[in-house]
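# Architecture and fold: a report
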Amino acid sequence: MSPDAPTDAVHDVLGLPLSGLPPQPAPPEVERRDSLTATWDDPVRGAVLAVAVLPPPSADDDADGADGSDGAEGDADGPHLEIGPGGAEVAERWGVDLHAELAAHRATGRAGEVTRVPLLGPGDDEVRLLLLVGVGAGRVEDLRRAGAATARAGAGRAAVTSTVAAVAESDDALAAYVVGATLGAFAFRWSEREAERPPLGVLVLVGLPDDDAVASVVDRAVAVARAGWTSRLLATVPSNVKSPRWLADQAEALAAQHGLEVEVTEAAELERRGFGGIVAVGRASATPPALIRLDYTPPGLSRAAARRAPRVVLVGKGITFDTGGLSIKPAEGMRTMKRDMTGGAVVVATLAALASVGCPVRVTGLVAAAENAVGGDALRPGDVLRQYGGRTTEVTNTDAEGRLVLADALAYAVDRLDPAVLVDVATLTGAGKVALGLRTGGLFATSDPLAEALLASGSRAGEPLWRLPLADVYEEKLASTIADADNAPGGPGAITAALFLRHFVGDVPWAHLDIASVGDAAKDADEWTSGPTGFGPRLLLDWLAGRDGRVSGF
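## Re the confidence of the model for the protein chain
With 94% of its residues at a pLDDT of at least 70, the protein chain reaches an overall mean of 92. Throughout residues 59–78 the model reports pLDDT below 50, and contacts reaching past four residues in sequence, or to other chains, amount to 31 contacts.

## As for the pairing of strand β9 (residues 290–296)
Counted residue by residue, β9 has seven buried out of seven residues, so it is predominantly covered. Along β9, one buried face is formed by A290, I292, L294 and Y296 and the opposite face, lined by L291, R293 and D295, is buried too. One ladder, built from six bridges, connects strand β8 (residues 261–266) with β9; its direction is antiparallel. Note that in β9 the partner of E266 across the bridge is A290. Relative to strand β11 (residues 362–372), β9 runs antiparallel, the two sharing seven bridges.

## Looking at the packing of aromatic side chains
What the rule picks out here adds up to seven aromatic pairs. Look at F186 and W229: their rings are 4.9 Å apart centre to centre, the planes differ by 70°, and that puts the pair in the edge-to-face class. Taken together, the positions of F186 in the loop between α4 (171–183) and β7 (202–206) and W229 in helix α5 (residues 212–236) put the pair 43 residues apart, joining distant regions of the chain. Side by side, F186 and W229 carry an identical accessibility label, which is buried.

## Re the sheet that holds strand β12 (residues 384–386)
The sheet built from three strands is open, its strands ordered β12-β13-β17 with mixed pairing. Lying at the two open borders of the sheet, with one neighbouring strand each, are β12 and β17 (485–486). With three bridges joining them, β12 and strand β13 (residues 392–394) adopt antiparallel strand pairing. What sits directly across from R386, in β13, is T392.

## Topic: α4
Here α4 spans 18 Å end to end across 13 residues, near enough to the 18 Å set by a 1.5 Å rise per residue. Summarising burial for α4: 11 of the 13 residues are buried, a large majority. By the burial criterion, the buried members of α4 are A173, L174, A175, A176, Y177, V178, V179, G180, A181, T182 and L183. Those residues of α4 that are buried lie in contact with β1 (29–33), α3 (140–153), β6 (159–162), β7, α5 and α16 (537–545).

## Here's the deal with the packing of α5 against α16
Where α5 contacts α16, the axes come no closer than 9 Å and their chain directions differ by 140°. The pairing of α5 with α16 is recorded here as oblique in orientation. As for how α5 packs across α16, the hand of that crossing is right-handed. Listed contacts from α16 to R220, V224, A227, G228 and S231 of α5 are P537, R538, L541 and A545.

Scoring rules and cut-offs
Residues numbered from 1 in each chain as written. Predicted model: local features only at pLDDT ≥ 70, side-chain atom pairs only at ≥ 80, totals over all residues. Heavy atoms only, no water. pLDDT = per-residue confidence, 0-100. Contact = heavy atoms within 4.5 Å. Buried < 20%, exposed > 50% of the residue type's maximum accessible area, 1.4 Å probe, protein only. Helix = DSSP H or I, 4+ residues; strand = E, 2+ residues; numbered from the N terminus. Pairing = 2+ DSSP bridges. Phe/Tyr/Trp six-rings, centres within 6.5 Å; stacked < 30°, edge-to-face > 60°. Expected span 1.5 Å × (residues − 1). Axes fitted to C-alpha atoms, helices over the stretch in contact; angles between N-to-C directions. Parallel < 35°, antiparallel > 145°, perpendicular 65-115°, else oblique. Left-handed = near helix turned anticlockwise from the far one by under 90°.

Below is the structure:
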């Protein structure tokens, strides 16, 4: 298939129809097996084995090392690294000195470090591969890195059987290993050439307790990881395929699979109902705008109980391509703009996973989808828009379009959905990237408890946020001589954009996630893969899953 010739075929990945694309890699399947030795005779599951490597034990630890050596005593250079569960069995079965291998490779045991050891024993027809995977101090983030490293080292292999997760000392650490291994395997391809090393096919977890609690942790981790895969995949799809209607098709397919209610409001109805921002931003494109709505209700609730249950509303920016409009971006600035709908992808992916993580509250997701194009009907600098609800905006920069579509969706949510809390997600400002770099998302909030809950979830989930101020001293910058506000009031850009949006949320507790800083990864690093990141579902699902059966922050 030529890379510039889309196909009309439908290729399902995680419930996404992905029409217009060639077949895409799927995330690794995750299995659990009773023992490492039980996989040795399996030609697929037994071909690649992964075992943890931990830092040296403390000096007063007199426990033997995993391969029978004294882990505390070590050698002249200091104590040995400790080899995790399964190491002794591998060493005995294949007659290999694992500590010598680690020393020869100058291994340190740091999280994500991988030492590859070929294994060939009596009666073996093929060389097997052992991956000695560093887990550092064994923290949650260390297990996440170790998972990603396992998946990358297993690329091109049908399966990896791993005991690494058995060293996890908490449910969060176990889940992090599964999430890291899934997202570290992410790939997107549109090429005539076969992939030299396709993503890992199956991750087999060995050494975990065989009980329902562990199974539940693994299953939830798989759901969270696949939500991250979904948002990353949607953000990566090229914009010659990804129109607002195409994005709505993906949402409808996921809704059908996961028991969500779905409604898509098209351009003519948006105009009739007063969504002036979405309509204006999308009107120059050959692909009309849309507002996508997804609704989740916790299973088992009666109709009356569902009406009484609090509702969280998530709003995502869904700009399927951003030229900047007539305030056109430079060519380099447009190169990554297929991912300007990441916020919308995050909302869709999060809604699809809520049942799997046991979310106890109602959640509605809104995606304001449009393409910001150049054409004879394009939004102009100097135009005045009437947003949903009546507030007017003078457009002084058509490249500040994300806040125009978000404003409509936020105002609609307050007017029609009676939210207990509002959270929007958007690749909104380059200023956020200047402030925070490439690994941390920006957070603004009108509610301290909500901010604290999201910060904690971001830290646990590996999608960290940093709170920035809604500094009222800059409110005067929004002033327009002819409208209620100017859409591009200048710097500090991330703050003034958040202040612009605040006018549309009323007195509802609200958080704004500006994820432009983390919208793209420059290179593979831990669970991130080069390209669009899809940042957001993990932290939102950690929050919405609740702790002790309650979602905090409202």
